[in-house]
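# Structure at a glance
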Amino acid sequence: MNRVAASLATEGTDSCLRELDRLAPRISLAEVRLDLMRTFDIGKLVANSPVPLILTCRPERERGGFTGPESERMAILLSAHDHGCDYVDVEADCLDDVAGWGGGSPTQVIASRHWYGRMPSDLQEQYLDLRDRCAVVKLVGTARSAADVLPVLELLRDASTPVIGMAMGGPGTCTRILAPAFPQTVLTYGAATSAAATAPGQITIDEMTDRYALHLVTPATAVYVHVIGTEAQEQDVLRAQAKAEPGAELHVPLRAPETLRARLAETLPFTIA
């Protein structure tokens, strides 16, 4: 199952649909950041998208682009829900506001929590608090060092319901690559282009599919996490990935001190090389 999703922030509806058409052969889902668009037509987006959509509208308090009244933002999300997009992504503190939407819409709710500038140590507790209140729990922290990826990897390993987990920032990029190898992962986000990243540490859809073949990676894939310290070692890992059978093997470089190797081996159900 392809778990690669694009995160898009285009100027308008037509440009968004053009990007969706371009990316559709490589992705299974797309997140559309309505808060970062100048104009949008939700009905047209949902009706014409070649892939299932996640629609979200991040408020300024969550470092999003929407600066209007909260009632207007929630009305936008309700419209997305009523138009039948596959998912609406709402902040966890808004779950009570969406609880009554229901009706005949097939739309499912993703409940999100983000931590900018830090990685909380209690991601599992945060997950347990939300898992029975929504279809998908999305928890995103910021990795300032290699050790900060461990709570995310533990979350992905232990989740018993659909989950999206990742670490923003350069040290967290490995979580985006490893995510499809965990059973409960719904998706991993990539950028349409390197200039269009919607979060720090995002890599492009092309890199996800051409270099790592993440569209073919599943929990049955043999995963090798290579603890490295130099650019030369990283190139060795990438050469190993280039030789691997797509989807059968995944080689992921992780720049980390050797002291982290034992903790990674305890945390991950993968081979630590």
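The structure reproduced in this document is the subject of the present report. The structure displayed is predicted, hence computed values, not measured ones. (Residues numbered from 1 in each chain as written. Predicted model: local features only at pLDDT ≥ 70, side-chain atom pairs only at ≥ 80, totals over all residues. Heavy atoms only, no water.)

### Some thoughts on the side chain of Arg 58
The residue Arg 58 is located in the loop between strand 3 (53–56) and helix 3 (70–82) in this model. Among the polar contacts listed, one links the side chain of Arg 58 to the side chain of Ser 112, at a separation of 3.3 Å. When residues no more than four places from it in sequence are discounted, the contact partners of Arg 58 are Arg 33, Asp 35, Gly 64, Gly 65, Phe 66, Arg 73, Asp 89, Val 90, Glu 91, Ser 112, His 114 and Lys 138. (Helix = DSSP H or I, 4+ residues; strand = E, 2+ residues; numbered from the N terminus. Polar contact = N/O pair within 3.5 Å; in protein donor to acceptor, adjacent residues only side chain to side chain. Contact = heavy atoms within 4.5 Å.)

### Comments concerning the sheet that holds strand 7 (residues 163–168)
Ordered in space as 7-6-5-4-3-2-1-8, the 8 strands form an open sheet in which the pairing is parallel. With one partner strand each, in any of the chains shown, strand 7 and strand 8 (188–191) form the two edges of the open sheet. The sheet shows a mean angle of 25 degrees between the axes of neighbouring strands, taken without regard to direction. As judged from the 6 bridges shared by strand 6 (residues 136–142) and strand 7, these two strands associate in the parallel manner. Residue pairing across strands places Leu 139 opposite Gly 165, the latter belonging to strand 7. Against the sheet, helix 1 (residues 13–23) contacts strand 1 (4–8), strand 2 (29–33) and strand 3, and its axis sits at roughly 160 degrees relative to strand 1. Across the sheet, helix 3 is in contact with strand 3 and strand 4 (87–91); its angle to strand 4 comes to roughly 155 degrees. (Pairing = 2+ DSSP bridges. Axes fitted to C-alpha atoms, helices over the stretch in contact; angles between N-to-C directions.)

### Focus on the nonpolar core
Counting residues in hydrophobic clusters, the biggest one holds 78 residues, and the most contacted among them are Leu 34 and Leu 264. The element that contributes the greatest number of residues to this core is helix 6 (residues 150–158), accounting for 5 residues. With residues up to four places along the chain from it excluded, the contact list for Leu 34 reads Phe 40, Ile 42, Leu 45, Leu 55, Thr 56, Cys 57 and Ile 76. The next biggest cluster of nonpolar side chains, apart from the first, holds 14 residues, and it includes Val 136, Leu 187, Tyr 189 and Ala 199. (Core = buried A, V, L, I, M, F, W, Y, C linked by side-chain atoms within 4.5 Å. Buried < 20%, exposed > 50% of the residue type's maximum accessible area, 1.4 Å probe, protein only.)

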